[in-house]
Each structure stands twice: as structure tokens, then as C-alpha cells.
Amino acid sequence: MAEVQWTKEQRAAIEARGHTLLVSAAAGSGKTAVLVQRILEQVLDQAHPCDVTDFLVVTFTRAAAGEMREKMTRALYQELGRQPNNRHLQRQIALMPSAAFETMDGFYYKLVREFSGALGVSPTVRIAPETELTLLFESVRDELLERYYEQQDANFLQAVDYFSGSRDDKKFLEVVDQLRRLTLAHPNRAAFLERQVALYQSPSPFEQTPFGKELLKTAALRIDYAQLLLREAMALAKEDEVLEEKYLPALRIYEETLGELECAVEAGAFNRAAELLDAFEAPRFGPARKADEARKQRVSARRDLVKNQMSLLKSGCFFLRTQQANEDAAALSGALAGLCDFTLALEQQFSKAKNERRILDFSDLSHLLYGLLVKKVEGGRVLPTETAEDIARRYREILIDEYQDTNELQDLLFRAIAKEEGNLFFVGDAKQSIYLFRQAEPRIFVEKRRTFAPLFREGERCRQLTLSMNFRSRNAILEVVNAVFEQAMSEELGGLSYEDEALRFGAAYETAQDAPVKLLLLARK
């Protein structure tokens, strides 16, 4: 079998030692091969001998974990073919069935079973099937709901009335379920919910609240887009003397108003922006019968898009004044408190019921382990418990695949069992995050990539490297993909700039055989 020709970046990812490394690996860049080779070369290192059981390799699905185990076994057999008398290699092959190539949930479950006494759960605890959990949850929920109705708690009743109205409590329970799911990945759900209620009970100036900041951020993007359209419209109008005379004055009014809106948004002057939009009256174009018809239509089309953005600014961003927003927040504080109180009580009762039946669901695993492994998080550093330090001594290195799909809780757990957070190997690609519905937080990956030092900078505890060469697709495909996503992906839209994400051609295809690429766009109705 021919020797693999590793790229410079792949070879660097394989050989880097002595620090945590984050590898941003694009689609088709050979990340699994790199991960397997990294373990293989450490196992074969005669100066620092180790076993395959000294590594913890974690991914999200059983199929992916099985594939990595299979590729690791195959690599060991191939190496044994070169060194048939190597007893160390023979031992590694014998150890592979007990090597830790795990799914995340599988690894957590093993730890919960191992430390069941310290966690206060039965050593025979099992992960219950979804149907069993659903039936138990609905039973606990209905019993708790009846108890809350009997108590006639004012906040609870206000919450039911606000979210469901007078007909029934179905919508309220749907919101409770959504809130439960949204908080599954928070290390301390109670503290998180208390912070949300506090935003309504003691509101800051509206511009400084998360809601106000998000509206101002959205407004800034809309204004920027409207100004871009307006510049195009004005440039087109100036190419025709008639349009310059009849259309340009109206366009300048838009330009002036957008400029004032931009200043107001930059200053956080929420009420000022709302007043500008309330006072704005869209100017009409003058008659331009002698102008070029095609150019007239192009200018008008852009003007209409600008008007639409102005309308969306008014209806979607500046639809109320700050005083009204604060009054609304105060009026909603009781309902929100009732919602959060019921949600927490439901979670506590559900946990109690599961514990009595010696069952768990997957989200329980990470929450149990957080209490076992994390002493506290301080200044961005995870302070591990003694148990976490004991577990850390088991592993030479912890390798996490598809890291872009981890959540905050999972990230903290793996940092807790790392050796001073210095023996982690993260592999992922923020562009391929697919588990947002399971509370995955690709921002964790993006933030590490932003803050970790480049690999070749010496003395840094945490470093990062990019594998951007694609060995899977033809160059024509990559060119189109890059062209589309350079326009569509930005920090503002998606939280990630494509500037450093472009795919590079690395496959051994004859470019002369490339066929024209067709891009099919489907309109959503």
C-alpha cells in the first residue's frame, strides 16, 4: 500500500505535542486519518511508549466511533505487516477492544455507573427509552400542574393566562417544554433562569438589555443593507440625465434619513431612531418619461427594497419606545417568574421520579457529572474536583471529534478531566454544525479558534491550526462553493467569517475533466 503523503498542516497536526490543540478541519480534509495517525505515532514512539488504552477518543454517534475504532485497528495491522515481530504492536491490537473510542453519551454513562455511589444513583441505573420517559414526564407534569392550580399562586396563574389565554393551558405547557429543552445544556439551570427573571424585575435602560442590544444589532444590519442598495440606485440614476434630475432628489432624502438612523443606532439612541421612522414619509419620484426604461426599472427596484428595509426597521426593530418596553417588562415579570418557577419544580419532580425508578435520560448524565467533576469555573478556567483529577491521570490525551457540536456543559466536563486543560485535541468545523436543535453551541469552537494562538507560536498552552485542503471534490465544485459562501457567510450572519474558511483544492483529479457546475436555488414558499 502506498505511503500517505501528508500535507505540511496535516503533519503538524499529527506531530504537535505538549499543549492543547484545536484543529479546524474543513470537509474532505482528512481529519479522521489525521486523528488516527496522531494516536498511531504516539503508540509507536519508542522514546515515550504508551498504549492505545491511554487515549480517550470521543465523538457523537456510534457509527462514527465504530468507524474510528475500525480505522485505528486497520492502521495497527498495517504497521504490524511492516514489523511482524513487534510485540508492542501485537499488544496494541489485543488492547483495541478495550480502547476508549466512545460516543459522548456512552462515555458519560460509564462514568455515572462507575461513580454511582458518589452521585447518589443506583449502580444498576439505566437509560430509559423515550416512550417510558415521555409517559413518566407527562404523569409528573399533570400532577404538579394540578397542585399549582390548587395553590392559586399568583405568578403561576399570570403565566398560564399570558401564554395560553383563557381557553386552556396547552400553550403554557408548550412554552414550559421549550424552556426545559433550551436549558438542558446549562450547567446551572436554576441560576440561568433566575438571571432571566431578573432582567424583567430590575430592568436596565432598554438599550443595554439583551433585547435592546439585539434590536439595535438587527437595525444596524438593515441600515447597512439599505445604504448599499441606495448607493447602487444613486449610481444608476446618475448615468441618465433625466433620472438624475427626477429621481436623485428623492434618493437623497432616503440617504439623509438612513444616515441619521445610522448615527442614532450607533449611539444606542433607541427613541431617536423610532422618532425618525415615525416622521419619515417616503418621497415620490418625479415623472421620467424620456429616461431609459430598463434603467428606470433597476433604480425603482432598488428604491423599493430600501423602502421595504425602512418598513422592517419600523415594524421589527423600533415598534415601541423605551418607556413602553420597561413598562411591558415590569408587567411580564410576574408571568415570567411563574413560568420559571414551574419549570424548575417540574424538573426537580421529574428527576426525583426517575431516581426512584433507577432510570435516567441522556441529559441527566452530563448534569450529574458536572457536580462530580467541576469544583467551579473561575476567570474562564475550570477548577476540577479530586475525582476529575483522578480521571485525568488515566489519559495521555483526550481527542474530541466534531467538536463544533458540543455544548457548554460538555465543553466544561472535558476541560475538567484534562491535565490542566493541556492535553486536549479538538477536531471540528464550525461550518458543519448540525445539532443546534440539541443545544450545540458552535460559538464555543469559533471562540477558541479566535483566541487560541497559532500552532507554531512557542510557549502557548492552547493553540490552533486549520486544515483547509479538500481531497474529496473537484476544483470546479470548490470554486462555486467558495464563491457562494464568501458572499453568504459572515460574522453578522451565522457568527463566522468565510474569509479564513475557503476550501483549497487538493484532490488528484484532472481539472481538464471538470464539467460546468450548476447551482440550483429552491425558493421557499
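Look above for the structure.
Residues numbered from 1 in each chain as written. Predicted model: local features only at pLDDT ≥ 70, side-chain atom pairs only at ≥ 80, totals over all residues. Heavy atoms only, no water.

Looking only at helices and strands, one finds 21 helices and 13 strands in the protein chain. Across its three principal axes, the protein chain shows a C-alpha extent of roughly 90 × 75 × 45 Å. The proportion of buried residues among the 525 residues of the protein chain is 46%. Here the contacts in the protein chain between residues at least 6 apart in sequence split such that 77% fall between residues at least 24 apart. Distance from the positive charge centre (70 side chains) to the negative charge centre (80 side chains) of the protein chain: 3 Å. (Helix = DSSP H or I, 4+ residues; strand = E, 2+ residues; numbered from the N terminus. Buried < 20%, exposed > 50% of the residue type's maximum accessible area, 1.4 Å probe, protein only. Contact = heavy atoms within 4.5 Å. Lys, Arg positive; Asp, Glu negative; His and termini not counted. Charge placed at Lys NZ, Arg CZ, Asp CG, Glu CD.)

This brings us to the pattern of salt bridges. Per the stated rule, a full pass over the model turns up 42 salt bridges. The partner of Arg91 in a salt bridge is Asp51, and the shortest N-O contact between them spans 2.9 Å. Of this pair, Arg91 sits in helix H4 (residues 87–95) while Asp51 sits in the loop between helix H2 (31–43) and strand S2 (55–59); the two residues are 40 residues apart in sequence, bridging distant segments of the chain. Classification of Arg91 as partly exposed rests on a relative accessible area of 43%. A relative accessible area of 14% means that Asp51 is categorised as buried. The partner of Glu347 in a salt bridge is Arg189, and the shortest N-O contact between them spans 3.8 Å. (Salt bridge = Lys/Arg side-chain N within 4 Å of Asp/Glu carboxyl O.)

A cluster of nonpolar side chains, Tyr225, Leu228 and Leu305, forms an exposed patch at the surface whose accessible area comes to about 260 Å². With respect to the element layout, Tyr225 can be found in helix H11 (residues 210–237). (Patch = residues over 30% accessible without salt bridge, like charges linked within 9 Å, V, L, I, M, F, W, Y side chains within 5 Å. Areas by Shrake-Rupley, 256 points an atom, 1.4 Å probe, with all protein chains shown as cover.)

In spatial order, the strands read S3-S2-S8-S9-S1-S11-S10; together these 7 strands make up an open sheet with parallel pairing. The sheet is open, and its two borders are formed by strand S3 (100–103) and strand S10 (453–454), each paired with just one other strand. Sheet topology note: the strand S8 (residues 397–400)/strand S9 (residues 424–428) ladder contains 3 bridges and is parallel. Following the sheet pairing, Ile400 is matched in S9 by Phe426. (Pairing = 2+ DSSP bridges.)

Here we take up the nonpolar core. Within the largest apolar cluster, 47 residues are counted, with the highest numbers of intra-cluster contacts made by Leu56, Leu373, Phe414 and Ile417. Secondary structure elements with two or more residues in this core: S2, helix H5 (104–114), helix H17 (362–373), helix H18 (386–392), S8, helix H19 (408–416), S9 and helix H20 (442–451). Contact partners of Leu373, with chain neighbours within four places excluded, come to Leu383, Pro384, Thr385, Thr387, Ala388, Ile391, Leu413, Ala416 and Ile417. Leu229, Leu243, Ala274 and Cys317 belong to the second largest nonpolar core, which has 39 residues in total. (Core = buried A, V, L, I, M, F, W, Y, C linked by side-chain atoms within 4.5 Å.)

On to unusual backbone geometry, then. Phi at Arg358 takes a positive value of approximately 60 degrees, unusual for a residue other than glycine. Following the sequence through the fold, Arg358 ends up in the loop between helix H16 (322–356) and strand S5 (359–360). Notably, Glu421 is not glycine yet its phi reads approximately 55 degrees, a positive angle.

Taken as a whole and assessed by the stated rule, the structure comprises 19 aromatic pairs. Here the aromatic rings of Tyr200 and Phe211 are separated by 5.5 Å at their centres, their planes lie at 55 degrees, and the arrangement is tilted. With Tyr200 in helix H10 (residues 189–201) and Phe211 in helix H11, this pair connects stretches of sequence that are 11 residues apart. Members of the aromatic cluster, connected to one another through ring pairs, are Tyr148, Tyr149, Phe156, Phe172 and Phe342. The cationic tip of Lys8 hangs over the ring face of Phe456; the distance from NZ or CZ to the ring centre is 5.8 Å. A cation over a ring is seen here: Arg303 above Phe285, with NZ or CZ 4.2 Å from the ring centre. (Phe/Tyr/Trp six-rings, centres within 6.5 Å; stacked < 30°, edge-to-face > 60°. Lys NZ or Arg CZ within 6 Å of the ring centre and 35° of its normal.)

A few words on the side chain of Asn407. With respect to the secondary-structure elements, Asn407 resides in the loop between S8 and H19. The buried category is assigned to Asn407, whose relative accessible area is 9%. At 3.1 Å, the side chain of Asn407 and the backbone nitrogen of Leu409 are in polar contact. (Polar contact = N/O pair within 3.5 Å; in protein donor to acceptor, adjacent residues only side chain to side chain.)

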